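Geometric and topological summary
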Amino acid sequence: MKTTMKTRACTRREYIAIFFFLAVAVTICVLHKVDVLGIQHKVNFATIIVPRVSTDPDVHRGFCTFQPLSPNDALEERLLLDSIAWPKTSLLPAPLSLEKTSDPAHSSFTILPGRGGGQWHVGDQLEVRINMSDFQGRPKKSGGDFLLAQLHNWKLSAGVVGQVVDHLNGSYSAVFPLPWEGDAQVEVTLVHPSEAIPVLNRLNSEQPDRLYFKSLFRSGSISETSICNVCLRPTQPLCNYTDLRTGEPWFCYKPKKLSCDARINHAMGKYEQTFRANEDKLFQRGVNLKVFIRASGPNIVTMLPKMKGQSEVKSSSVKSGPSGYYYQGVWRALGGTTVRQFDNSAIIQCLKGKGVYMYGDSTVRQFFEYLNAALPDLKEFDLHSPKKAGPYISLDYANNILLMSRFHGPPIRIVPVSTSELRYIANEIDGLVGGTNTVVIFGIWAHFGTFPMEIYIRRLQNIRRAVARLLDRAPGTVVIIRTGNAKVLSLDVALTNSDWHSLQCNKVLRAVFKGLNVHLIDAWEMVLAHQLPHDLHPPSPIIKNMINVILSYVCPQKGD
């Protein structure tokens, strides 16, 4: 007897239900370490994200809303945000007028007398008082201006950064150590008036998608380009490319004709933002964007030799001093590891038998480029990588030296690169064996300037977990972190990668990695203290000093 079965197509809701139960079954197998396909994996439940791409194009995630943090991570995030909270300034009535905003041309600084009158000795501290006024010459009554202070001697190629203290009443103090003998000139710069900081904060909060990215989708002869970002407005169906291991979010608008799996590359898109009336006037080069403030008296001091039995002077205004200073063009640490000077033969001797793995943005790639050019026996292997994208590998077979450089996962403003090359730093570190012959260098900051700080904090938390695992399984691994640095600011740069945001990132980075056995390259101070102009990609003399700092951590002087 023949039997017949009536078949029908599953409804869309039934497909989703089937997928859901399969996902739950797989999750249970993983949690109980069931041997699926003969392979056992130990997976943290918090890292399991199902599905990888959206299965229901009508379901939208909230704008810039992600997976909930663990209670500990959420508490840390809140404490970090509190720790970098910027002083609030008085809100100005709309439309904004420059008249009541901070004006460097009407502001000034004064060098305060040293102990014993007007003399300073090596080892003393110099204090400068800064008084801010508005465009009508009226003294400001509140704080919040972003100021930088440096002490330079051009002939000696010497420089050090001052620590700026906001007294929240329109006045500020800048405190400098005096580490060299001879003259020094004080420089004070208004980077942003206090009224500009809320604008930067608001743009990052309300318009994190103002700088967007794009991906090419291709299948056969059909291709489409779609907008991508960490945060996408729910105006159309999304493809969800959240990383399975770290939970790092990334989304693209779903192509009209192709599936989410047809994505083949990642690239920089365009920049668009909307100002409120006259807000752009807060970011004018030569007016109130990174402009020097004049001295109301002398701006040069002379440091005499240190006196015998001279007592140490400590300011009551600052809790910590700078990490180092330049003298004769050489960076000298003011504590911690002694910075040695390495010529090419010393570099080879230090790196002999070691693998150096560099992860991050183009400011970390500079280390690879410097070493690659400086060491003649390093031979770069052509991976046919896009220029200024990577990855890159160089080998010195005779001395058994391996250098590798790879850019971090999105967001990253970059030439078109294959999606197969998009790697998150935490995952790359998890793939390292580690040990005394392994050096890990990373830096991540320059591509987060348009996003809320929460996104940067979550990225660092993921990297920290990976670093902790690496140091746990291989305690001898040397881990070095590069901070962000100051740069030339135009209107566009100020709104997408401001020095203020870089400073905030540096504060967070220091706090997140505090207590771990890692080392810092203080790129912030190494750029500010140098006499060369600020640059996103510091010039060779500064990079050479950073290389010396790196190698001093890898091959420290005996006794350090």
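What you are looking at is a predicted structure, and each value in this text was computed from that prediction instead of being measured.

Within this structure, the stated rule accounts for 20 salt bridges. The shortest N-O distance in the salt bridge between Asp522 and Arg510 comes to 2.9 Å. Placement of Asp522 in the loop between strand 25 (519–521) and helix 10 (523–528) and of Arg510 in helix 9 (residues 499–512) is noted, with a sequence separation of 12 residues between them. One network of salt bridges, in which partners are shared, links Arg202, Glu206, Arg276 and Glu279.

Further remarks concern the sheet that holds strand 21 (residues 401–407). To summarise the sheet geometry, strands pair through backbone hydrogen bonds and adopt either a parallel or an antiparallel arrangement. Strand order in the open sheet formed by seven strands is 19-20-21-18-23-24-25, with mixed pairing between adjacent strands. Whereas interior strands pair on both sides, the edge strands pair on one side only; in this sheet they are strand 19 (379–381) and strand 25. Geometrically, the sheet is characterised by an average inter-axis angle of 20 degrees between neighbouring strands, direction not taken into account. Bridge count for strand 20 (residues 392–396) against strand 21 is five bridges, and the pairing is antiparallel. The residue bridging Tyr392 from the neighbouring strand is Ser405, located in strand 21. The strands that helix 5 (residues 362–374) touches are strand 18 (355–360), strand 19, strand 20, strand 21, strand 23 (438–443), strand 24 (478–482) and strand 25; relative to strand 18, the one it contacts most, it runs at about 150 degrees.

Attention shifts here to the environment of Thr110. The topology assignment puts Thr110 in strand 1 (residues 108–111). Residue Thr110 is classed as partly exposed on the basis of its relative accessible area, which comes to 30%. Each C-alpha atom of the pair Thr110 and Glu127 lies 8.8 Å from the other, and the pair is 17 residues apart in sequence. Ignoring sequence-local partners within four residues, the contact set of Thr110 consists of Glu127, Val128, Arg129 and Ser296.

Right, let's talk about the state of the cysteines for a bit. Enumeration over the complete set of coordinates arrives at three disulfides. The disulfide partner of Cys228 is Cys252, and the S-S distance across this bridge is 2.0 Å. What sets the handedness of the Cys228 and Cys252 disulfide is the S-S torsion sign, and at about 105 degrees it is right-handed. Residue Cys228 is found in strand 10 (residues 222–229), and its partner Cys252 is found in strand 12 (residues 251–253); the two are separated by 24 residues along the sequence. Overall, the relative accessible area of 0% leaves Cys228 in the buried class. Residue Cys252 is classed as buried on the basis of its relative accessible area of 0%. Each disulfide pairs two cysteine sulfurs, and for Cys239 the partner residue is Cys260, the sulfurs being separated by 2.0 Å. Its torsion about the S-S bond being -85 degrees, the disulfide of Cys239 and Cys260 is classed as left-handed. Here Cys260 lies in the loop between strand 12 and strand 13 (265–271) and Cys239 lies in strand 11 (residues 238–240), a separation of 21 residues in the sequence.

On to the pairing of strand 23. Across the six residues of strand 23, six count as buried, placing the element largely inside the fold. Going residue by residue along strand 23, you find Thr438, Val440 and Phe442 tucked away on one face and Val439, Ile441 and Gly443 tucked away on the opposite face as well. With six bridges connecting them, strand 18 and strand 23 associate as parallel partners. Residue pairing in the sheet places Met358 in a bridge with Ile441 of strand 23. Following the backbone out of strand 23, through helix 7 (residues 453–473) and into the adjacent parallel strand 24, one traces a crossover that is right-handed.

Here we come to the packing of aromatic side chains. By the definition in use, this model includes nine aromatic pairs. Judged by centre distance (6.5 Å) and plane angle (25 degrees), the ring pair of Phe275 and Phe283 falls under stacked. The lysine or arginine in question, Arg263, covers the ring of Tyr241, its NZ or CZ lying 4.5 Å from the ring centre.

Ranked by size, the top nonpolar core spans 62 residues in total, and within it Phe367, Ile480 and Met546 carry the most contacts. Broken down by element, the residue count for this core peaks at nine residues, all from helix 11 (residues 540–554). Setting aside residues no more than four positions away along its own chain, Ile480 makes contact with Val439, Val440, Ile441, Phe442, His519, Ile521, Ile550, Tyr553 and Val554. By size, the runner-up hydrophobic cluster in this structure holds 48 residues, among which are Tyr241, Leu432, Ile457 and Val518.

Turning our eyes to something else, we now look at helix 4 (residues 344–351). Of all the residues in helix 4, the buried ones are Ile347, Ile348, Cys350 and Leu351. The arc enclosing the buried residues of helix 4, seen along the axis, measures out at 165 degrees, which places them on a common side. In this structure, helix 4 carries Ser345 and Gln349 as exposed residues pointing more than 90 degrees from its buried face. Among the structural elements, strand 18, helix 5, strand 21 and helix 11 are those in contact with the buried residues of helix 4. Looking one or two residues past helix 4, Gly353 carries a phi angle of roughly 75 degrees, positive in sign.

Its place among the elements puts Lys140 in the loop between strand 3 (125–131) and strand 4 (146–153). Reaching out from Lys140, the side chain makes a polar contact with the side chain of Glu195 at a distance of 2.9 Å. With residues up to four places along the chain from it excluded, the contact list for Lys140 reads Lys100, Thr101, Ser102, Met132, Ser133, Asp134, Asp145, Asn169, Gly170, Ser194 and Glu195.

Running from N to C, helix 7 and helix 9 cross one another at 35 degrees; their axes reach a closest spacing of 10 Å. Helix 9 is crossed by helix 7, and the crossing has right-handed handedness. Contacts between helix 7 and helix 9 involve Met453, Tyr456, Ile457, Leu460 and Arg464 on the former and, on the latter, His501, Gln504, Cys505, Val508, Leu509 and Val512. Classifying every residue of the contact of helix 7 with helix 9 gives eight nonpolar, two polar and one charged.

The subject of this paragraph is the environment of Leu470. Position of Leu470 relative to the elements: it lies in helix 7. Judged by its relative accessible area of 1%, Leu470 is buried. Distance from Leu470 to Val433, taken between C-alpha atoms, is 7.7 Å for residues 37 residues apart in sequence. Beyond its immediate chain neighbours, meaning those up to four positions away, Leu470 contacts Ile429, Leu432, Val433, Gly434, Val440, Thr477 and Val479.

With that out of the way, let us pick up unusual backbone geometry. A cis amide bond links Gly390 with the next residue in sequence, Pro391, at an omega value of 10 degrees. As for its position among the elements, Pro391 is in the loop between strand 19 and strand 20. At the junction of Pro410 and Pro411, the peptide bond is cis and its omega measures out at 10 degrees in the coordinates. Looking at the secondary structure, you find Pro411 in the loop between strand 21 and strand 22 (417–418). For Asn278, which is not glycine, the phi torsion reads 70 degrees and is therefore positive.

What counts, and at which threshold
- Residues numbered from 1 in each chain as written.
- Predicted model: local features only at pLDDT ≥ 70, side-chain atom pairs only at ≥ 80, totals over all residues.
- Heavy atoms only, no water.
- Salt bridge = Lys/Arg side-chain N within 4 Å of Asp/Glu carboxyl O.
- Helix = DSSP H or I, 4+ residues; strand = E, 2+ residues; numbered from the N terminus.
- Pairing = 2+ DSSP bridges.
- Axes fitted to C-alpha atoms, helices over the stretch in contact; angles between N-to-C directions.
- Contact = heavy atoms within 4.5 Å.
- Buried < 20%, exposed > 50% of the residue type's maximum accessible area, 1.4 Å probe, protein only.
- Disulfide = S-S within 2.5 Å.
- Right-handed = clockwise from strand over helix to strand, strands pointing away.
- Phe/Tyr/Trp six-rings, centres within 6.5 Å; stacked < 30°, edge-to-face > 60°.
- Lys NZ or Arg CZ within 6 Å of the ring centre and 35° of its normal.
- Core = buried A, V, L, I, M, F, W, Y, C linked by side-chain atoms within 4.5 Å.
- Arc of directions from axis to C-beta.
- Polar contact = N/O pair within 3.5 Å; in protein donor to acceptor, adjacent residues only side chain to side chain.
- Left-handed = near helix turned anticlockwise from the far one by under 90°.
- Nonpolar A, V, L, I, M, F, W, Y, C, P; charged D, E, K, R; others polar.

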